Amino acid sequence: MLAKISKDYAKRIFDILKKEYPKVKPALVYSNPFELLISTILSAQCTDERVNLVTKELFKNYKKPQDFIILTQEQLEKEIFSTGFYKQKARSIRSCCEELIKNHKGRVPVDFDELVKLSGVGRKTASVVAGNAFGIPTIAVDTHVKRLSNLLGFIDSQNPDKIELRLKELLPESYWINSSHWLATHGRKICIANRPKCSQCVISDLCSSFILSSNKKKK
């Protein structure tokens, strides 16, 4: 099935998702690039809902990099404890804020390569910030994007970098930023892990996994 996936076929799937979810946006709540950066670092191995609860209070008191580096490691750990992996996240956030102040005058860099250099920032986090804060065409590969990309037959890989490149090959650049949101929204609402609502899915007749499963049942 993978060999049959074409750009037109992929675009057809995303056009349906685009129509189904016309007002997609990041699940994380933020008001500026810095808040989105910190929220995305906190979202590793944590639900967006939990991160939003934590940052709602966090950003009331700490609004810029300078505010975070004043905190001790222990103080920041206490603030973000419920997001999990709080020790590593606190170290990453404090180091990231120091780098922003030292190398970028306290501002989040627009350049993707500079974003990736920041502590605690990988391609996914950089893509989230670049795409949603600055409108730079990127594709952020989270767990939903990874899972659905495989189920839909776009790729047979769990490697986020390969998935990102494959989606960029298949989709027009104008679709890149929202493609992550369309897949993530569909993953949360319909294509739920271990309990997908295939009967309610608007792209089931184009889904490799559903087609394969249906053919097996017919036999």
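Values in this document were obtained by computation on a predicted structure and should not be read as measured data. By convention here, each chain's residues receive numbers from 1 onward along its written sequence. Note on the predicted model: pLDDT of at least 70 is required for a residue's local features to be given, and 80 or more for side-chain atom pairs to be given and counted; whole-chain, interface and lining totals, by contrast, use all residues. The side-chain quantities take in all heavy atoms of the structure and omit both hydrogens and water.

Let us now look at the environment of Glu 35. Looking at the element boundaries, Glu 35 is found in helix H2 (residues 33–42). Take Glu 35: its relative accessible area is 10%, and that puts it in the buried class. Starting at the N terminus, helices and strands are each numbered in turn, a helix being any DSSP run of H or I of at least four residues and a strand any DSSP run of E of at least two. For each residue, the accessible area found with a 1.4 Å probe, counting protein chains only, is set against the maximum for its type, and the residue is called buried under 20%, exposed over 50%, and partly exposed in between.

For the rest of this paragraph, the subject is the nonpolar core. Nine residue types can take part in a nonpolar core, namely buried Ala, Val, Leu, Ile, Met, Phe, Trp, Tyr and Cys, and a core is a set of them joined through side-chain atoms within 4.5 Å. Leu 37, Ile 38, Leu 58, Phe 68, Ile 80 and Ile 93 are the most contacted members of the largest nonpolar core, which has 32 residues in total. For this core, the leading source of residues is H2, giving six residues. Setting aside anything within four residues of it in sequence, one finds Leu 58 in contact with Ile 38, Leu 42, Phe 68, Glu 79 and Ile 80. By size, the runner-up hydrophobic cluster in this structure holds 29 residues, among which are Tyr 21, Leu 170, Trp 176 and Ile 190. It only takes one pair of heavy atoms within 4.5 Å for two residues to be counted as in contact.

Let us now look at the packing of helix H9 (residues 143–151) against helix H11 (residues 176–189). Packing of H9 against H11 brings their axes to within 8 Å, and their N-to-C directions diverge by 85 degrees. Here H9 lies roughly perpendicular to H11, going by the angle between them. Within the contact between the two elements, H9 uses His 144, Val 145, Arg 147, Leu 148 and Ser 149 and H11 uses Ser 180, Leu 183, Ala 184, His 186, Gly 187 and Arg 188. Note on residue classes: Ala, Val, Leu, Ile, Met, Phe, Trp, Tyr, Cys and Pro are nonpolar, Asp, Glu, Lys and Arg are charged, and everything else, Gly too, is polar. Its residues placed into classes, the contact of H9 with H11 shows four nonpolar, five polar and two charged. Lines fitted to the C-alpha atoms define the axes, with helices restricted to the stretch that makes contact. Angles between their N-to-C directions range from 0 to 180 degrees. Any angle from 65 to 115 degrees is called roughly perpendicular, while one under 35 is roughly parallel, one over 145 is roughly antiparallel, and all others are oblique.

The subject of this paragraph is the packing of helix H1 (residues 7–20) against H11. It is the contact of H1 with H11, at a shortest axis distance of 10 Å, that shows an interaxial angle of 70 degrees. Comparing their axes, H11 and H1 come out roughly perpendicular. Here Phe 14, Leu 17 and Lys 18 of H1 lie close against H11, whose contacting residues are Ser 179, Trp 182, Leu 183 and His 186. Along the lines of polarity and charge, the residues of the contact of H1 with H11 split into four nonpolar, two polar and one charged.

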